[in-house]
Amino acid sequence: MELLKERIRRDGRVRAGGVLKVDGFLNHQMDVELFAEIGKEFRRRFAEDEVTKILTIEASGIGIACLTAMAFHVPAVFAKKTQTKNIDAQVYSTQVESFTHGKTYDIIVSREYLQPSDRVLLIDDFLANGKALEGLARLVKDAGAALVGAGIVIEKGFQPGGDRLREDGIHLESLAIIDSMDEKTGEIRFR
Ligand code: 5GP
């Protein structure tokens, strides 16, 4: 998606450890008109999949998930992160290892909002090692729902998540795939 790549080139900041900061339009301040275009693009790419629900993970996926849900005319659900030791029976839960924070946490979704009849599209802002998406995919499986695929705004192609998920047969659509980033020059190369 050329509009998105241009925006990343203009406003993205390369940080140490292979981290891209896009706080000016995606992760802190949100350009909701760009989000609406992103939502329409996901709708175009998953047009034939009869999606009934968008599933993301809090917090940074929520904005994108909302505008995507609007394009599909379906509800958006976000998995909540929790510290609670006693996970109750009314929820699906799984553990996710965080790339940005380096720790493991539980994510939960109420059983009420993921039904066996659902056809679920996963949405997230970034794909790095793939742990967040894999966790969401496990929740969908536990619910007995169908996973139609995953839509990612920025995939870091130099990390293993994307290739692994594609090998696992997941229909993955990333709107911008970064092959390399140079923290000294700030140069970002796209696939
Ligand atoms: P994964 O589970 O694929 O390793 O990481 C995905 C999650 O980590 C995303 O939901 C995103 O919040 C965060 N993340 C991973 N890499 C980056 C990055 O380079 N920049 C930002 N802003 N977030 C990232």
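Residues numbered from 1 in each chain as written. Predicted model: local features only at pLDDT ≥ 70, side-chain atom pairs only at ≥ 80, totals over all residues. Heavy atoms only, no water.

- Under an unreviewed UniProt entry, the name given to the protein chain is Xanthine phosphoribosyltransferase, and the source organism is Candidatus Eisenbergiella merdavium.
- The UniProt entry for the protein chain carries the following comment under Sequence similarities (unreviewed entry): "Belongs to the purine/pyrimidine phosphoribosyltransferase family. Xpt subfamily."
- According to UniProt, the comment filed for the protein chain under the heading Subunit (unreviewed entry) is "Homodimer." (UniProt positions renumbered as here; feature names shortened; annotations may be inferred.)

**Considerations on the site of the ligand**
Then comes step 1: Inspection of the region around the ligand gives 17 residues, with Leu-20, Ala-128, Asn-129, Gly-130 and Lys-156 positioned closest.
Then comes step 2: In this structure, Asn-27 approaches the ligand through a side-chain N or O atom, which is 3.0 Å from a nitrogen atom.
Then comes step 3: Within the side chain of Ser-60, a nitrogen or oxygen atom sits 3.4 Å from an oxygen atom of the ligand.
Then comes step 4: When isolated, the ligand has an accessible area of 500 Å², and the protein chains bury 90% of it. (Near = heavy atom within 4 Å. Polar contact = N/O pair within 3.5 Å; in protein donor to acceptor, adjacent residues only side chain to side chain. Areas by Shrake-Rupley, 256 points an atom, 1.4 Å probe, with all protein chains shown as cover.)

**Details of the side chain of Ser-98**
Then comes step 1: When you line up the elements, Ser-98 lands in the loop between strand 5 (91–97) and strand 6 (104–110).
Then comes step 2: Judged by its relative accessible area of 10%, Ser-98 falls in the buried class.
Then comes step 3: Contact partners of Ser-98, with chain neighbours within four places excluded, come to Lys-103 and Tyr-105. (Helix = DSSP H or I, 4+ residues; strand = E, 2+ residues; numbered from the N terminus. Buried < 20%, exposed > 50% of the residue type's maximum accessible area, 1.4 Å probe, protein only. Contact = heavy atoms within 4.5 Å.)

**Here we look at helix 5 (residues 131–143)**
Then comes step 1: Given a rise of 1.5 Å per residue, 13 residues ought to cover 18 Å, and the 19 Å separating the end C-alpha atoms of helix 5 matches this to within 8%.
Then comes step 2: In the segment just after helix 5, Gly-144 is the residue with positive phi, at about 75 degrees. (Expected span 1.5 Å × (residues − 1).)

**A word on unusual backbone geometry**
Then comes step 1: Geometrically, the link from Glu-58 to Ala-59 is a cis peptide bond, its omega value of 0 degrees lying close to zero.
Then comes step 2: Residue position: Ala-59 is located in the loop between strand 3 (53–57) and helix 4 (62–72).
Then comes step 3: The phi angle at His-73 is positive, at roughly 60 degrees, despite the residue not being glycine.
Then comes step 4: Topologically, His-73 is positioned in the loop between helix 4 and strand 4 (76–82).
Then comes step 5: According to the relative accessible area criterion, His-73 is exposed, its value standing at 72%.

**Focus on the sheet that holds strand 7 (residues 119–127)**
Then comes step 1: In spatial order, the strands read 5-6-4-3-7-8-9-10; together these 8 strands make up an open sheet with mixed pairing. Bordering the open sheet on either side are strand 5 and strand 10 (188–190), each of which pairs with just one other strand. Looking at each pair of strands side by side, their axes are set apart by 30 degrees on average, direction ignored.
Then comes step 2: Here strand 8 (residues 146–156) runs beside strand 9 (residues 172–181); their pairing, made up of 6 bridges, is parallel. Within strand 9, the residue paired with Lys-156 across the bridge is Ile-178.
Then comes step 3: Running at roughly 30 degrees to strand 9, helix 1 (residues 2–11) makes contact with strand 8, strand 9 and strand 10 of the sheet.
Then comes step 4: Lying over the sheet, helix 5 contacts strand 3, strand 4, strand 5, strand 6, strand 7, strand 8 and strand 9, oriented at roughly 160 degrees with respect to strand 5. (Pairing = 2+ DSSP bridges. Axes fitted to C-alpha atoms, helices over the stretch in contact; angles between N-to-C directions.)

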